[in-house]
Every structure is written in structure tokens, then in C-alpha cells.
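Report on the structure
Take a look at the letters that make up each chain.
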Amino acid sequence: MSAILIKNGWLGLEGQRDIRIRGTRIDAIGSLGPEPGDEVIDASDRVIYPGLVNTHHHLFQSILKGIAEGLDQGLGDWLQSVPYRHWPKFTPEMLYTAAKVGFSELLRSGCTTCADHHYLYHADSSPEMEAVLFQAAREVGIRYVLCRGGTTGKMTHKGMQKAGVEAETLEQYLTRTEAAANLYHQEGDDALSRVVVAPTTLVHSMPPAHMKEVAAFARGRGLRLHSHLLEVPFDDQVARERYGCSAVELASRCDWLGEDVWFAHLVNASPEDRRLLGETATGVSHCPISNARLGSGIAPVPEMAAAGMQVSIGVDGSGSAEGGSLIGELYSAWLLHRTRLGAEATSVAQVLKWGSEDGARLLGYPTLGRLEVGAPADLVIFDLDQPRYAGVWEQAQAPILCGEPASVERVMVAGRWSMVDGRMPGTDERQLAAQARATVSQLRALD
Ligand SMILES: [Zn+2]
């Protein structure tokens, strides 16, 4: 089997090494000479990181950026002005275009695995809406984890009620999720597509009995669990009013804590919440830019890590984090906690680990996100041969220290190039931009 030999690159934060990829995996690392048939890539003045792992996104929002009504609103009102307002108008074609835009941004920021919390489900949803997401992921060459959102019983948010869509029944939620898992969920440490059970928000989307039942279903089927929690204090208020306990205690009562569960945000997790979440090794997807943009606050993730939680990084939907860049989130995470706690709060090594192997582990990939022999071959090559990087002494840390614009030259997913010389093979990005603009006009006209 022929191989790809990448020479002279700065591998992770360690030092200069060569790396050989054979098939879909990393075959060798060290001082390596070419073998007959090897494709040789010279990576001098380049830094190679493991492919970054995004643990929370809403790809459909990639065509709902910068909507005037939602620009200065907090989460509750923003939901009504942006995603819920436009939700019922989405067609599979629109969703496909949005997904392609989102993937292009992710690849351009070094991301090779995307967990997409997709929640546009209602009583009359078509499975085509899922099919186009997996199709777009296959076409661009990115690992895609569908976090299957949804609501049962009734639509509780005023924005959803206004949208005029009806919630699924619990039976619909379970049978449709099972059908998606049968079609798309792959086992194995190198799965290209996965399904996660992910009711939209733990406190509001389903009654506790339903949450308990979907957790049992997920565990019986070998699927992981994901949801939104404590992005705002409202979750705690509602849990206390309705159920007489904190939101995290509610999660515990519903069997929604554990190593196979991760929550987006947790901005308002109290020390007691963190203790419960940490004891059970529950995970968090930290989305600092969206939390800043919506004025939600800064999630205390160094404290969460210290309590024993698993920390990972997400970009969140682009309706509330217009950049869509994973390296941008790592850069923000690196900075923001220093603002709160001082200059020792974060290191580049720590945020890189959160954004790669720790995120991969949360998604159920034990060896992904590491540059190690035998691991799936997902990596990103940053070109540092440009003035803005030339003055950096610690070159290996430059892609995170210098933030955006990230100079991603190549991206590899499962041994195949998804980006070469800053371009996506098989995707005309200008045409994609035109298609996205046309879709925005369509949505405007329907408003
Ligand atoms: Zn979200």
C-alpha cells in the first residue's frame, strides 16, 4: 500500500519529526526516509497539529449570521429572533448549503471532526433533512457526528410556538433516532459518521420521564448523550420551580450524568454543580465566543477540569458566533480564563488538548485527536512561512498564540486530503458563497 510521508514538520508541540500515513492511519513517526511509491510532502516551516474536534455546532445557522434583530439580544430573545423564526422555512437544499458553508469554515480553522447539534425536528420532519447533512460531510471529507436534537410533548419556547410547528411524540423521537442510528452510526475508533441522542435542552425539551427514557434508550443502543445546559440561569430557575431541585440535580435524577454525557455551555454551573458533574466525569463543550456574543458570560472551565469534568471546545451555531472558527475558539479560551483568573489559568498545550484528544474522547473516539502511531490519520498543517508568524519564537505554539486568520494549508481526514494548498478539492468555494447568498435572499423573501 502506498503511503504519504510528511517531512520536516513541527509535530504538535513536541519538535521536528517526520510522519508517515498509510491507508487511514498514522503508520510511523520519527526520522523517516521515503519508501518506493511514497508521496512526499515537505513541511519545512510548518506546524502539524492533530485534527481539531468541534463538540458543539448548529450547522443550519451558517446561513443565519448577523441577523439585525438578534444582534443585541440575549439567548431567550435571540432564539425567537433568529433560529426559531426561520426554522420552519428550511428546506433540505438550504440545510445542505448551510452545512457546506459551516464545514468550509471548520476545515479552514483546522477542524476534522464536527459534532452538529441539529434540532430542526418536529412532528412532520423528513429524514431527508438528516441525509443532506451526512451527504455534505462525505463530500467535503470531514467526520460528522449528528447530535439528534428535538422536543417531545409540546414546544415550550415562545419562538417555537410562533413558528407553528408541533413537537414530536416520545415514540416518534425514539423510532426516528433509532432509524438514523441504523443508517449512519458507525462503531470503531475511526468512524466517519456517528449519531448521538441529544434532546435540545435538558430542562425544557422533554419532561423528566422522557429524558430518563431516552437516556436508557441511548445506553442500550451504545449511543452517547448530549444537550444544552445552564447557558443562562433560567435553566436553574425552571428546574427549581417545577421540580424542586437544581438543573444539575435534575440531570442526575434523569440518569443524565456520566462519562458518556456532555453538555454545551454550563456557563452558570455553581461549585456544587461542578462537584456533581466532576464526580461523574460528565463533559462540557465550551463555546466561549457564542457565550460572549450573547452576553451569557464565561464558563468556568478550568474549575470544571479541576473538579474532574471532561473539557472540550465547540464553535456553537454561527447565528450567535459568526466566525465559525475552531482555532478562534481555542484562542479565545486561552485568553478569557486569564482575564478572570490570571496568566497561569490556561496554556496553549491545555487548550490544544481540549480542542483535540479530549473532545474526541467525549465523542467516543479513544485514539482520535492525537499524533500517535496507530491513531486515525486526521491532521492539519499550518503554513508559518509568512511575515505574521516569522517573529514568533515558540513556533509550535504560533497557530494558537496568533489566532485568526489561521493559515491552514492542508487538512487530512482518515488519510485523505480534505484541504490542499488552502483549497477544498471538489468544492468551488466561490460558487458555494454565491449559493449561500442566494439562500439568504430566499429566506428573506419568505420572512
Ligand atoms: Zn448550542
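Residues numbered from 1 in each chain as written. Predicted model: local features only at pLDDT ≥ 70, side-chain atom pairs only at ≥ 80, totals over all residues. Heavy atoms only, no water.

Description of the overall build of the protein
For the protein, the count of helices and strands is 17 helices and 16 strands. Computed over the C-alpha atoms, the radius of gyration of the protein is 21 Å, within 12% of the 22 Å expected from 2.2 N^0.38 for a compact globule of 447 residues. Along the longest, intermediate and shortest principal axes, the C-alpha atoms of the protein span 65 × 45 × 45 Å. With 447 residues in all, the protein has 60% of them scored as buried. (Helix = DSSP H or I, 4+ residues; strand = E, 2+ residues; numbered from the N terminus. Rg over C-alpha atoms; globule rule 2.2 N^0.38 Å. Buried < 20%, exposed > 50% of the residue type's maximum accessible area, 1.4 Å probe, protein only.)

Let's talk about the nonpolar core
In terms of nonpolar packing, the biggest core is built from 116 residues, with Phe90, Phe103, Leu202, Leu229, Trp256, Phe263 and Leu266 touching the most fellow members. Here the element with the most residues in this core is helix H3 (residues 92-108); it accounts for nine residues. Look past the residues within four positions of Leu229 in its chain and what remains in contact with it is Leu202, Val203, Asp235, Ala247, Val248, Phe263, Ala264, His265 and Leu266. Membership of the second largest hydrophobic core comes to 16 residues, among which are Ile4, Leu11, Ile19 and Ile41. (Core = buried A, V, L, I, M, F, W, Y, C linked by side-chain atoms within 4.5 Å. Contact = heavy atoms within 4.5 Å.)

What about the UniProt feature "domain: Amidohydrolase-related" (unreviewed entry) in the protein?
Using the residue numbers shown here, the UniProt feature "domain: Amidohydrolase-related" (unreviewed entry) corresponds to residues 47-417. Counted over residues 47-417, helix gives 41% and strand 16%. Its end C-alpha atoms are 16 Å apart. (UniProt positions renumbered as here; feature names shortened; annotations may be inferred.)

Thoughts on the packing of helix H6 (residues 170-184) against helix H7 (residues 208-221)
Each pair of packed helices can be summarised by the angle the axes make with each other and by the distance between the axes. Viewed as axis vectors pointing N to C, H6 and H7 meet at an angle of 20°, and their least axial separation amounts to 11 Å. With respect to H7, the axis of H6 lies roughly parallel. The element H6 and its partner H7 pack so that their crossing is right-handed. Contact residues: H6 offers Leu170, Tyr173, Leu174, Thr177, Glu178, Ala181 and Asn182, while H7 offers His210, Glu213, Val214, Phe217 and Arg221. Broken down by class, the residue content of the contact of H6 with H7 amounts to six nonpolar, three polar and three charged. (Axes fitted to C-alpha atoms, helices over the stretch in contact; angles between N-to-C directions. Parallel < 35°, antiparallel > 145°, perpendicular 65-115°, else oblique. Left-handed = near helix turned anticlockwise from the far one by under 90°. Nonpolar A, V, L, I, M, F, W, Y, C, P; charged D, E, K, R; others polar.)

Focus on the coordination of the zinc ion
Donor atoms from the polypeptide that bind the zinc ion are His56 (NE2), His58 (NE2), His228 (NE2) and Asp316 (OD), placed at 2.1 to 2.5 Å. Around the zinc ion, the four donor atoms sit at angles spanning 87 to 174°, and that spread fits a shape best called irregular. In the primary sequence, the donor residues of the zinc ion line up as H-x1-H-x169-H-x87-D. Here Asp316 lies in the loop between strand S13 (310-313) and helix H13 (326-341) and His58 lies in the loop between strand S6 (52-57) and helix H1 (75-81), a separation of 258 residues in the sequence. (Donors = N, O, S within 2.8 Å, 3.2 Å for Na, K, Ca; no water. Tetrahedral: all angles 85-135°; square planar, octahedral: opposite > 155°, others 65-115°.)

Considerations on the packing of H3 against helix H4 (residues 128-140)
Where H3 contacts H4, the two axes come as close as 9 Å, and the packing angle between them is 35°. Along this stretch, H3 crosses H4, giving a crossing that reads as right-handed. Only Glu128, Met129, Val132, Leu133, Gln135, Ala136, Ala137, Glu139 and Val140 of H4 make contact with H3, whose side of the interface consists of Pro92, Leu95, Tyr96, Ala99, Lys100, Phe103 and Leu107.

Focus on the pattern of salt bridges
According to the stated counting rule, one finds 30 salt bridges in the structure shown. The salt bridge involving Arg20 is made with Asp38; its shortest N-O contact spans 3.1 Å. One end of the pair, Arg20, is in strand S2 (residues 15-22); the other, Asp38, is in the loop between strand S3 (25-30) and strand S4 (39-42), with 18 residues separating them in the sequence. Taken individually, Arg20 and Asp38 each receive the classification buried, so the pair is uniform in this respect. The shortest N-O distance in the salt bridge between Arg25 and Asp190 comes to 3.3 Å. Of this pair, Arg25 sits in strand S3 while Asp190 is found in the loop between H6 and strand S9 (193-197), placing the two residues 165 residues apart along the sequence. What makes Arg25 partly exposed here is its relative accessible area of 25%. (Salt bridge = Lys/Arg side-chain N within 4 Å of Asp/Glu carboxyl O.)

Points about the packing of aromatic side chains
With the rule as written, the count across this model stands at 11 aromatic pairs. Ring plane angle 85° and centroid distance 6.0 Å describe the contact between Phe103 and Tyr144, whose orientation is recorded as edge-to-face. A residue pair is termed long-range when its members are at least 10 positions apart, and Phe103 in helix H3 and Tyr144 in strand S8 (residues 143-148) qualify at 41 residues. Assigned by exposure class, Phe103 and Tyr144 land together as buried. Three or more aromatic residues joined by ring pairs make a cluster, and in this case those are Phe60, Tyr84, Trp87, Phe90 and Tyr119. The ring of Tyr365 carries Arg194 above its face, with NZ or CZ at 4.2 Å from the centroid. Lying across the ring of Trp417, Arg410 places its NZ or CZ 4.6 Å from the centre. (Phe/Tyr/Trp six-rings, centres within 6.5 Å; stacked < 30°, edge-to-face > 60°. Lys NZ or Arg CZ within 6 Å of the ring centre and 35° of its normal.)

Quick word on the pairing of strand S14 (residues 379-383)
Across the five residues that make up S14, a large majority, five, are buried. Residues Leu379, Ile381 and Asp383 of S14 are buried on one face, and the alternating residues Val380 and Phe382, pointing to the opposite face, are buried as well. With five bridges connecting them, strand S5 (residues 46-50) and S14 associate as antiparallel partners. Looking across to S14, one finds that Tyr49 is bridged to Val380. Across four bridges, the pairing between S14 and strand S15 (residues 408-413) is antiparallel. Bridging from a neighbouring strand, Ile381 pairs with Arg410 of S15. (Pairing = 2+ DSSP bridges.)

With respect to the environment of Leu107
Note that Leu107 resides in helix H3. With sequence-adjacent residues up to four places away left out, Leu107 is seen in contact with Val140, Gly141, Ile142, Val408, Val411, Ser418, Met419 and Met424.

Regarding unusual backbone geometry
That bond from Glu404 to Pro405 is cis: its omega, 0°, falls within 30 degrees of zero. Tracing the sequence through the fold places Pro405 in the loop between helix H16 (398-401) and S15. With a phi close to 50°, Asp421 is a non-glycine residue in the positive phi region. By secondary structure assignment, the location of Asp421 is in the loop between strand S16 (416-419) and helix H17 (429-446). For Asp421, a relative accessible area of 54% puts it in the exposed group.

Observations concerning the state of the cysteines
On inspection of all chains with the given rule, the structure shows zero disulfides. Cysteine Cys245 shares no disulfide, and the gap to the nearest cysteine sulfur, in Cys254, comes to 8.1 Å. For Cys245, a relative accessible area of 1% corresponds to the buried category. (Disulfide = S-S within 2.5 Å.)

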